[in-house]
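# Fold and geometry: a report
One letter stands for each residue in the lines below.
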Amino acid sequence: MEIITIDTRETEKLGKKIGKLLNSGDVICLDGDLGAGKTTLTKSIARGLEVEEYVTSPTFTIVNEYDGRLHVNHFDVYRIADIDEMYDIGYEEYIYSESVSIIEWASNIGEILPDQRIEIYIETIDANSRKFNIKLIGERYKHLKEELRKI
């Protein structure tokens, strides 16, 4: 599925709608070039999950946690040099919990991603426009397909 936004406001609207559709234990994997909008999308997904705190990228801490309608684990694995670092921070306890997990630069840890997940690849079209390629992987997300088509 492909969705194009023409500005940051539309990207934020998309993220908020996605956040409203998420359920306990959902995993969202984000990828794209630097500056493509992974953190912008994450912040708006968190808003859709009713997170009131200011969401920041956990580039140096690897994971930040937030409370909203559901608990949110926000990972940034850009600087991960070895998969063992993920296990050292308790990755499995985060990912296989009741929390929603959002992982920026998810392809860096592709070999340990859960079998069921939402993958979103963000492409920069121009200074303001973005293309979101969304893959729903696993039976868990079958119900989301129709809801996302409405966006």
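Okay, so let's go over this structure. The model shown is predicted, which means the values in this text are computed figures rather than measured ones.

Analysis parameters
- Residues numbered from 1 in each chain as written.
- Predicted model: local features only at pLDDT ≥ 70, side-chain atom pairs only at ≥ 80, totals over all residues.
- Heavy atoms only, no water.
- Core = buried A, V, L, I, M, F, W, Y, C linked by side-chain atoms within 4.5 Å.
- Buried < 20%, exposed > 50% of the residue type's maximum accessible area, 1.4 Å probe, protein only.
- Helix = DSSP H or I, 4+ residues; strand = E, 2+ residues; numbered from the N terminus.
- Contact = heavy atoms within 4.5 Å.
- Phe/Tyr/Trp six-rings, centres within 6.5 Å; stacked < 30°, edge-to-face > 60°.
- Expected span 1.5 Å × (residues − 1).
- Arc of directions from axis to C-beta.
- Patch = residues over 30% accessible without salt bridge, like charges linked within 9 Å, V, L, I, M, F, W, Y side chains within 5 Å.
- Areas by Shrake-Rupley, 256 points an atom, 1.4 Å probe, with all protein chains shown as cover.
- Salt bridge = Lys/Arg side-chain N within 4 Å of Asp/Glu carboxyl O.
- Lys, Arg positive; Asp, Glu negative; His and termini not counted.
- Charge placed at Lys NZ, Arg CZ, Asp CG, Glu CD.
- Pairing = 2+ DSSP bridges.

## Details of the nonpolar core
Within the largest apolar cluster, 44 residues are counted, with the highest numbers of intra-cluster contacts made by F75, I103, I109 and I120. Of the residues forming this core, the biggest block, four residues, is contributed by strand 2 (residues 27-32). Apart from residues lying up to four places away in sequence, I103 is in contact with V27, I28, C29, L30, F75, V77, Y91, I95, I109 and L113.

## What about the packing of aromatic side chains?
In total, this model carries three aromatic pairs according to the counting rule given. Note on F75 and Y94: the rings are 5.5 Å apart at their centroids and 85° apart in plane angle, and the pair reads as edge-to-face. Of the two residues, F75 is situated in strand 4 (residues 72-76) and Y94 in helix 4 (residues 91-95); the sequence distance between them amounts to 19 residues. This pair shows no difference in class: F75 is buried, exactly as Y94 is. Ring geometry for Y78 against W105: centres 4.7 Å apart, planes inclined by 55°, an arrangement best described as tilted. Of this pair, Y78 sits in the loop between strand 4 and helix 3 (84-88) while W105 sits in the loop between strand 5 (100-104) and strand 6 (117-124), placing them 27 residues apart in sequence.

## Observations concerning helix 1 (residues 8-21)
Here helix 1 is 14 residues long and its end C-alpha atoms lie 20 Å apart, about the 20 Å a rise of 1.5 Å per residue gives. Looking only at helix 1, the buried set comprises T11, L14, G15, I18 and G19. Around the axis of helix 1, the buried residues are gathered within 135° of arc, so they sit on the same side. Across from the buried face of helix 1, at angles greater than 90 degrees, the exposed residues are R9 and K20. Looking at the packing, one finds that the buried side of helix 1 touches strand 1 (2-5), helix 2 (38-48), strand 6, strand 7 (130-137) and helix 5 (144-150).

## A few points about a positive patch on the surface
Together, R9, K13, K16, K17 and K20 give the surface a local cluster of positive charge. Locating K20 in the fold gives a position in helix 1.

## Structural notes on the pairing of strand 3 (residues 63-66)
As paired strands, strand 3 and strand 4 are joined by four bridges and run antiparallel to one another. The partner of Y66 across the bridge, within strand 4, is V72. In sequence, strand 3 turns back onto strand 4 through a hairpin of five residues.

Read these as spatial facts, not as claims about activity.
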